[in-house]
Every structure is written in structure tokens, then in C-alpha cells.
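# Report on the structure
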Amino acid sequence: MKRVVVGLSGGVDSSVAAYLLQQQGYEVIGLFMKNWHDDSVTISNECPWLEDSNDALLVAEKLGIPFQTVDLSEEYKEKIVDYMFNEYEKGRTPNPDVLCNREIKFDVFMKIALSLGADYVATGHYCQKSEIEVDGTRGGDELSKAKPVYQLIAGADINKDQSYFLCQLSQEQLAKSLFPIGALTKPEVREIAAEMDLVTAEKKDSQGLCFIGKVRLPEFLQQKLQPKEGKIVQIDKNDPIYNIERPAGLSIEEELKLESQKPNYLPTMGKVVGKHQGAHYFTIGQRKGLNVGGTTDPLFIIATNVETNTIYTGLTSNHPGLFKKALFIEKPEVHWIRTDLALKPGETMDVMARIRYRQPLQKATLHQFEDGMYVRFDEPQSAITEGQFVAWYLDNELVGSGVIS
């Protein structure tokens, strides 16, 4: 009998995942991960992790499976929280949910599960896994036989697909993972939970970062990153910086480099429209929290500069400063789930890609060079943000991803 450790989060998805595995004849163990317990920055008096761990315990009791809580807050602080502060300080915008899966759930947590004799780790993610045989002769490595390759497939419920959050997983991690609800829709999952009379059946989906619960990001960041006043500068959409002539005869790599570069804004290019408390609290594409009044249209952040502590803004969501056709991923940050499909320098691949969770997939082409990879989109994309992840798909399979540089 195969043993599976389910990460019970206290939500409906992981509860139903545990139940389905039980139905499929696995020996199921429930583990609740405690990742965060700095109460000094939660907004309300609610203590979400206590409530969640209690719900997870009730579900385990209902299903009659062993249950325990593991405290991963040390690892969490080191691998996620410190990394976040670091990235924000550099003026980048990290994605803690993607990192949490790569570094915590499918690494630290998985090792604990395997030490309990588990064959697999299961989560309540809306995504699917399949297995194919790939001939091992690619690239001149004569392998004696074809070996199994694991595919990360989008969840059947298009509205809930969470494959993007798992875009940094490896073949080794996928080999040991199960996603029991990936073929179901959210309403079907809720229905199963209600039939089974699980306490989580009606529970609202958790919002916000996977660890901070009810914390406002600027308040969270202010613990480490000191507020410092700076200027908010508004750049006109007809500024000459958007009409720079491209020299003729460029190589494809030079062209891509130009397309992916940020314009070099200076405070003198626009008018000062307000003040802010620290450029590192803000991200590209953001329109809330600027507190600048009196503009005809909403102001959007088109760039931040943490060195000069300046925020650059533009009117409306169509401002040219928001759009770029290409982005760059540095070589160490290019990650292939399907390592057998990895590009060699000089190779290209047509894919569908997204630069944030929930974004509809966009047509794009990957261009691999010696020092990294460019992703060039057919249509210019709004708010391509450093530190975030771009993920690329072939049909409904997520094959790779990278950190936008």
C-alpha cells in the first residue's frame, strides 16, 4: 500500500485531495505546515494559522487519518521572507507563492514526508501530472532505455488553474507529487466536501500571500525597509523617449535587447505630482496607494528607481511606458521542467506564455543565447515586472519558467 502525505492547509481543496486519495486506496497522513507566526504585523486579531490548523485537524479526524503539525517557520523566514526583503530592497517584485512551492512545500516539506516513509506528497493544487516515455538519445547521450518524463499539465478548471505557481518544480519533485483534484472544477470539489460533511466545505478561499495571512504588504515591508520620502514624477505619453529610432542592421540578439530594455527615465523628464514613502514599496503597473489627486485619468506606475528613490507614473492603462514586447532571463534563472526540451544557444521555440498568475496565455517565442534567454511576445505586454516569473506552455503543459531580469 502506497503512503501519501497530504499538505492539509485547512482549506477545502486539500481536504478533498486527502479524501480522494483515501478512496483510491492510499494510506494517507495529514500534515499541517506552520510557516509564519510573527503576530506583530497581522492586521486583525484573527490568528489565521490557528484557525486553519484546527480545521485541518477536524478534517483529519473526520477521515480517520493520522495528523500532525510541522513548524517550518525557521526555513520559511530564511528561504522566503528574507529573500522577499532582499528583492524589494533591490526594487524587484518577488513572487512568494512560486517560491513557497519550490523551496518549502516541495522541498523542506517533501523531505519530511519522505522521512515518514511516504511514497508521494499531495497538495490541493488545481493542476495535473502525467507521465510520458522520452527516448534518451537526444543530445548524443546514448541512454540504454527510454526513461519516464513527468509533465505538469494545467488544471481542468480553467478559472482555477494553478500550474503557474508550480512553474519552478523539477522532474525529481514532480516524480513524487500527486495533485488529486486537478481534474475537477471548484464547484465539484465543494460538492464532494459537502457530501462528506467536511468542516471546510463552505470555507472561503484564502487570499493574499501564502504565508502572511492578513498582512498588508507595505506594513510587512516596513519592518525591514525604512520609509524614506521621494518624488512621484509623471511622464507624458508623447515623451520623445518612446520614439527612439532603431539603428538599422541589428542582429536578432541586439534587437531583442533593445525591446526588453527599460527606458532610462530621469526626474527632469516629467512633472512632480506628489510624494511617496519609499520606491521599494511599489511595483510596476500599480495604481492604488499613490494618493495623488486631481488627475483626469488614473495614474499607473511605469517605473521605480530605488537608487534615486523616484517613482515614475503615466496616465491611463494605455500609457506607452507600461508596454514592452520582450523580456530577458539570465542564464542561471532559466528553468525547464521538461529538461528534455531545453533549448541550446541559437535555438528558438514557439510557446504560449504568461507573466503573472491569471493572465490569459499569450503567443511568444523563446530565443536562447549563451548568457540567457529572451521571451518575445507577439503583442506588447503591460507591466512586465522584474523579479516576477514568466512561465511558458506547449498546449496545456507548462514546460519551463524563469525570473524576469
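Shown above is the structure to which this text applies.
So, here's what we can say about the structure. (Residues numbered from 1 in each chain as written. Predicted model: local features only at pLDDT ≥ 70, side-chain atom pairs only at ≥ 80, totals over all residues. Heavy atoms only, no water.)

## Here we look at the pattern of salt bridges
This model, assessed by the stated rule, comprises 18 salt bridges. Between Glu 103 and Lys 79 there is a salt bridge, with the nearest N and O atoms lying 3.7 Å from each other. Of this pair, Glu 103 sits in helix H4 (residues 96–115) while Lys 79 sits in helix H3 (residues 73–89); the two residues are 24 residues apart in sequence, bridging distant segments of the chain. Between Asp 161 and Arg 354 there is a salt bridge, and its shortest N-O distance comes to 3.7 Å. Of this pair, Asp 161 sits in the loop between strand E6 (147–154) and helix H5 (171–175) while Arg 354 sits in strand E14 (residues 348–354); the two residues are 193 residues apart in sequence, bridging distant segments of the chain. By the burial criterion, Asp 161 is buried, and Arg 354 matches it. Three or more residues joined by partner-sharing salt bridges are found here, namely Arg 246, Glu 255, Glu 259 and Arg 376. (Salt bridge = Lys/Arg side-chain N within 4 Å of Asp/Glu carboxyl O. Helix = DSSP H or I, 4+ residues; strand = E, 2+ residues; numbered from the N terminus. Buried < 20%, exposed > 50% of the residue type's maximum accessible area, 1.4 Å probe, protein only.)

## A word on the environment of Glu 27
One can find Glu 27 in strand E2 (residues 27–34). Assessed through its relative accessible area of 27%, Glu 27 is described here as partly exposed. Sequence separation of Glu 27 and Asn 95 is 68 residues, and the distance between their C-alpha atoms is 33 Å. Setting aside anything within four residues of it in sequence, one finds Glu 27 in contact with Met 1, Lys 2, Arg 3 and Val 4. Side-chain polar atoms of Glu 27 contact the side chain of Arg 3, separated by 3.1 Å. (Contact = heavy atoms within 4.5 Å. Polar contact = N/O pair within 3.5 Å; in protein donor to acceptor, adjacent residues only side chain to side chain.)

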